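Topology and contacts: notes
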Amino acid sequence: MSGNPLAVAEPWDLVAEGYAEFGSAIMQPFSARALEFASLSSGSQVVDVAAGPGTLSRLAAEQVALVEAIDFSESMIARLVEEADAAGLTNIRAQVGDGQDLPFESDRFDAGFSMFGLMFFPERAKGFAELFRVLRPGGTAVVSSWAPVADSPLMRMMFDALTAADPNFQEPQPNFLSLENPELFESEMRAAGFEAVSIQRHSIALSFADAEELWETMVRSSAPMELMRHSVGPEVWAQRAALMMRFLAEKYRPTSPLATTAYLGIGHKPKG
């Protein structure tokens, strides 16, 4: 089992509202790119594992017959349902559940996705195996994971702000045992049975009107930030937030682009 604090539902429940409101600016371009790798049609059925507030689910629902969305966070699923209803999307079915033990029959879906979710699973092998199991022969899976922080000026900006607020804070170091290692990423997909596996690097750039918008977008959509805010208490958080905002106001030039990078792992279930 993983000791990763993001492998449990609590921080995602805490961040659900901000993630839905602000996170789509970051998540939507990666979700749109992921959908391009699957040969979807109006009759396709897809599964969105660790769906969060449904960024990919909503995009997919505009192209396919049915989206089954699952996440272990009740708050995330509640936001997904709310957003889908508001958009008039009636072909999304959402439920709370475990991506390592999917409640679906085998050989069902034309495509399966997990956008920045499976990367946190305590047992990634089970996550990949379940995604493989529920795909029909010939189906496509697309899984995303962040590249190392060093490859992302956007993430570096936020971690530098954290360090400015708390000198004891240490920026995450490259973890070659995680999916930010593309060779390991590929090997884990192949071990689950996927063939023709390809790990694609994809970058986007975001611009913000000012430091305040950058702060709102990154903090309110960040589970690690929310976890920190709740762990240190309101007084300490207020002090750190003021220092971080001051740092961003000094370092960020309004409307200048900041890039962030992810890996998209694409694999196919053999046709048999």
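Scroll up for the structure.
Overview of the structure. (Residues numbered from 1 in each chain as written. Predicted model: local features only at pLDDT ≥ 70, side-chain atom pairs only at ≥ 80, totals over all residues. Heavy atoms only, no water.)

All right, on to unusual backbone geometry then. A positive phi is found at Asp107, a non-glycine position, where the angle reads about 55°. Tracing the sequence through the fold places Asp107 in the loop between strand S3 (92–96) and strand S4 (109–115). Backbone geometry at Phe116 places phi at a positive 55°, although glycine is not the residue there. With respect to the helices and strands, Phe116 occurs in the loop between S4 and helix H5 (124–134). You can call Phe116 buried: its relative accessible area is 5%. (Helix = DSSP H or I, 4+ residues; strand = E, 2+ residues; numbered from the N terminus. Buried < 20%, exposed > 50% of the residue type's maximum accessible area, 1.4 Å probe, protein only.)

On to helix H7 (residues 182–191). Restricting attention to buried positions, one finds in H7 the residues Phe185, Glu188 and Met189. For H7, the angular spread of the buried residues around the axis is 100°, confining them to a single face. Opposite its buried face, H7 presents the exposed residues Glu183 and Ala191, each directed more than 90 degrees away. Buried residues in H7 make contact with H5, strand S5 (135–146), strand S6 (195–206) and strand S7 (258–268). Just downstream of H7 lies Gly193, where phi reads positive at about 115°. (Arc of directions from axis to C-beta. Contact = heavy atoms within 4.5 Å.)

Time to look at the sheet that holds S6. Across a sheet, paired strands are connected by hydrogen bonds in the backbone, their directions being either parallel or antiparallel. Strand order in the open sheet made by the 7 strands is S3-S2-S1-S4-S5-S7-S6, with mixed pairing throughout. Looking at strand neighbours, the two that pair on one side only are S3 and S6, the edges of this open sheet. Geometrically, the sheet is characterised by an average inter-axis angle of 15° between neighbouring strands, direction not taken into account. Summarising the sheet, strand S1 (residues 45–49) and S4 pair through 3 bridges and their orientation is parallel. Along S4, the bridge assignment pairs Val47 with Gly112. In the packing of helix H2 (residues 24–36) onto the sheet, the strands contacted are S4, S5, S6 and S7, and the crossing angle to S6 comes to about 145°. The strands touched by H7 are S5, S6 and S7; relative to S6, the strand with the most contacts, the crossing angle is about 140°. (Pairing = 2+ DSSP bridges. Axes fitted to C-alpha atoms, helices over the stretch in contact; angles between N-to-C directions.)

Once that is clear, we can look at the pairing of S4. Burial within S4 is extensive, with 6 of its 7 residues counted as buried. Pairing of S4 with S5 involves 6 bridges; the strand directions are parallel. Paired with Ser114 across the strands is Val143, a residue of S5. Each parallel crossover has a hand, and for S4 linked through H5 to S5 it is right-handed. (Right-handed = clockwise from strand over helix to strand, strands pointing away.)

On to the pattern of salt bridges. Taken as a whole and judged by the stated rule, the model has 13 salt bridges. With a shortest N-O distance of 2.5 Å, Arg93 and Glu68 are connected by a salt bridge. Residue Arg93 is found in strand S3, and its partner Glu68 is found in strand S2 (residues 66–71); the two are separated by 25 residues along the sequence. Residue classification places Arg93 among the partly exposed residues on the basis of a relative accessible area of 44%. Here Lys126 ties to Glu123 by a salt bridge, and the two come within 3.7 Å at their closest N and O atoms. With a relative accessible area of 42%, Lys126 lands in the partly exposed category. According to the relative accessible area criterion, Glu123 is partly exposed, its value standing at 29%. Taken together, the shared-partner salt bridges connect Glu68, Arg93, Glu105 and Arg108 into one network. (Salt bridge = Lys/Arg side-chain N within 4 Å of Asp/Glu carboxyl O.)

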